[in-house]
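A closer look at the structure
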Amino acid sequence: MTDTLRLGIAGLGTVGVGVVKIVRKQAALLSARTGKSIEISAVSARSRDKDRGVPLGDYAWEDDPVDLARRDDVDVFVELMGGDDGPAKAATEAALAAGKDVVTANKAMLALHGQALAEQAEAAGRALRYEAAVAGGIPVIKSLTEGLAGNEITRVMGVMNGTCNYILTRMEETGQGYNVLFDECAELGYLEADPNLDVGGIDAAHKLAILSSIAFGTQVDFDGIEIEGIQRVTLEDIGHAADMGYRIKLLGVAQRTGRGLEQRMMPCLVPAASPLGVLQGGTNMVVIEGDAVEQVVLRGPGAGEGPTASAVMGDVCDIARGLRLPVFGQPAESLEAAPAARSVLPAPHYLRMALTDKPGALAKVAAVLGEAGVSIDRMRQYAHTGDTATVIIVTHKCTRAALDTALGDMDKTGVVAEAPVVLRIENL
Ligand SMILES: NC(=O)c1ccc[n+]([C@@H]2O[C@H](COP(=O)([O-])OP(=O)(O)OC[C@H]3O[C@@H](n4cnc5c(N)ncnc54)[C@H](OP(=O)(O)O)[C@@H]3O)[C@@H](O)[C@H]2O)c1
């Protein structure tokens, strides 16, 4: 081993430039903390001519990230290009095959190919680290794999897409609708090239898939996640939820049930005064519950140059210190393929219904809910608009299946004017 750790950085965008800056600015600190001089040997990006605001002349240039990954003067391949497949995956595989350690910020690649990459890394005896892939600057991977390793994890929850949280927070603050705030995010550069990755809940679901694997010792299963984005959240629901003491968040939840692994990423109500309820703007939060620790709440910046580069450098430092843990906290070959379970655990639900102005309408709805085993905790009726009145119902804990049975029978009442809005309530 030399006392120098040489990085090859593929991708010089927001995160890559942030990493270059830390390596240059904090050389003495990094060396003091790791006992190694951390240096950049070579870099790669699509355009060689782009001014990236950092001096790159000291580093060798590779047009092809796969060539960068295989260079003899690279000990750690740092993948910061993105994309679940293509060059990111090819270069990561090439780096591991060439005996390099890998650090990546690429949640899409890990959510879709994490198991195979982990097996490759572990067979080669190399590290594959990805702190920056989940919740940006929050050290959540390290917390789960190391600090909480003595716990049986019972539930992991998180608000892990800052753009969605920004839109939902601003809807409540400003009274502006989803479409206006979507456009504002586009102008501010907050959206991914494919905005559906953000507002459709996919980016956050990639992160949840990774957390679930570590928390429950299961193979990453992105396809097993129930995903719904924030596109259908209305100002009306945000207002009614607030009236009932809740806020709407795009919340990821993973927990094991008797039937398998339940993972969902969808808009939910959370108590307004809870840690998740008070989370504003682009900040991320991950809540981890374990049998011994009870509850840990981690909060911090989920994206951006500095926070994401901070997480990448944490991984680089661990590699410099010689720490090589199994990729998902236990050997990849021991990770179970847990069957995906569809929300079987009971929870309270929020229902918004438009009821026609007929005598006994509420009683009919309550009867249908009761027949399906769904009992009402609270109910509020708002003034009529035209022929209908909005009624908000908060149920006691019930399964989604029971609720679906009741909703299926609602037409029979003859008083429900349009399809009810149903949102799960997660209590902390
Ligand atoms: N931005 C964040 O706040 C954040 C937070 C957490 C995780 N991440 C993850 O970090 C990774 C990078 O994100 P980013 O925001 O830094 O992306 P970005 O600003 O779009 O930068 C991507 C970089 O990759 C380079 N690149 C793309 N395709 C390439 C190829 N085929 N060969 C060589 N270079 C290629 C681009 O080159 P050019 O510059 O020449 O086009 C660019 O420098 C992604 O996986 C992302 O999901 C980002």
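This text follows the structure it describes.
Report on the accompanying structure. Here the structure is a predicted model, which is why all the values come from computation and not from measurement.

Conventions we followed
Residues numbered from 1 in each chain as written. Predicted model: local features only at pLDDT ≥ 70, side-chain atom pairs only at ≥ 80, totals over all residues. Heavy atoms only, no water. Near = heavy atom within 4 Å. Polar contact = N/O pair within 3.5 Å; in protein donor to acceptor, adjacent residues only side chain to side chain. Nonpolar A, V, L, I, M, F, W, Y, C, P; charged D, E, K, R; others polar. Phe/Tyr/Trp six-rings, centres within 6.5 Å; stacked < 30°, edge-to-face > 60°. Helix = DSSP H or I, 4+ residues; strand = E, 2+ residues; numbered from the N terminus. Buried < 20%, exposed > 50% of the residue type's maximum accessible area, 1.4 Å probe, protein only. Axes fitted to C-alpha atoms, helices over the stretch in contact; angles between N-to-C directions. Parallel < 35°, antiparallel > 145°, perpendicular 65-115°, else oblique. Contact = heavy atoms within 4.5 Å. Salt bridge = Lys/Arg side-chain N within 4 Å of Asp/Glu carboxyl O. Pairing = 2+ DSSP bridges.

**Here we look at the site of the ligand**
Contacts to the ligand come from 23 residues, most closely from Leu 12, Val 15, Ser 47, Arg 52 and Gly 304. A distance of 3.0 Å separates an oxygen atom of the ligand from a polar side-chain atom of Lys 50. Here the residues of the shell around the ligand are counted per class, giving 10 nonpolar, nine polar and four charged.

**What to know about the packing of aromatic side chains**
Scanning all chains against the criterion turns up three aromatic pairs. With a centroid separation of 5.2 Å and an interplanar angle of 85 degrees, the aromatic rings of Tyr 166 and Tyr 190 are classed as edge-to-face. Of this pair, Tyr 166 sits in helix α7 (residues 162-174) while Tyr 190 sits in the loop between α8 (178-188) and α9 (196-199), and the two are 24 residues apart along the sequence. Between the aromatic rings of Tyr 178 and Phe 182, the centroid separation amounts to 6.0 Å while the plane-to-plane angle is 40 degrees, which identifies the pairing as tilted.

**Concerning the environment of Ile 230**
Within the secondary structure, Ile 230 sits in the loop between β8 (226-227) and α11 (235-243). Accessibility expressed as a relative area gives 0% for Ile 230, which makes it buried.

**Side note on the packing of helix α4 (residues 86-97) against helix α5 (residues 107-124)**
In the contact formed by α4 and α5, the axes pass within 10 Å of each other and the chain directions differ by 10 degrees. Taken together, the axes of α4 and α5 lie roughly parallel to each other. Of the residues in α5, those touching α4 at Ala 88, Lys 89, Thr 92, Glu 93, Leu 96 and Ala 97 are Met 109, His 113, Leu 117, Gln 120, Ala 121 and Ala 124. In terms of residue class, the contact of α4 with α5 is built from seven nonpolar, three polar and two charged.

**Some words on the pattern of salt bridges**
What the rule picks out here adds up to 28 salt bridges. What emerges from the salt-bridge pattern is a single network uniting Arg 129, Lys 142, Glu 146, Asp 315, Asp 318 and Arg 321.

**Quick notes on the packing of α7 against α11**
Interaxial distance between α7 and α11 falls to 10 Å at its minimum, and their mutual angle equals 75 degrees. Here α11 runs roughly perpendicular to α7, going by the angle between their axes. Residues Leu 168, Met 171 and Glu 172 of α7 form the contact with α11, whose participating residues are Leu 235, Ile 238 and Ala 242. Here the residues of the contact of α7 with α11 sort into five nonpolar, no polar and one charged.

**Quick word on the sheet that holds strand β15 (residues 376-385)**
Spatial strand order, β15-β16-β14-β17: four strands in an open sheet with antiparallel pairing. The open sheet has two edge strands, β15 and β17 (421-424), and neither has a second partner. Neighbour-to-neighbour, the strand axes of the sheet open up by a mean angle of 15 degrees, direction not taken into account. The pairing of strand β14 (residues 349-356) with strand β16 (residues 388-395) spans seven bridges and is classified as antiparallel. Residue pairing across strands places Arg 352 opposite Ile 392, the latter belonging to β16. Docked against the sheet, α11 engages β14, β15, β16 and β17, running at close to 115 degrees with respect to β14. Across the face of the sheet, helix α13 (residues 361-371) comes into contact with β14, β15 and β16 while running at roughly 140 degrees to β14.

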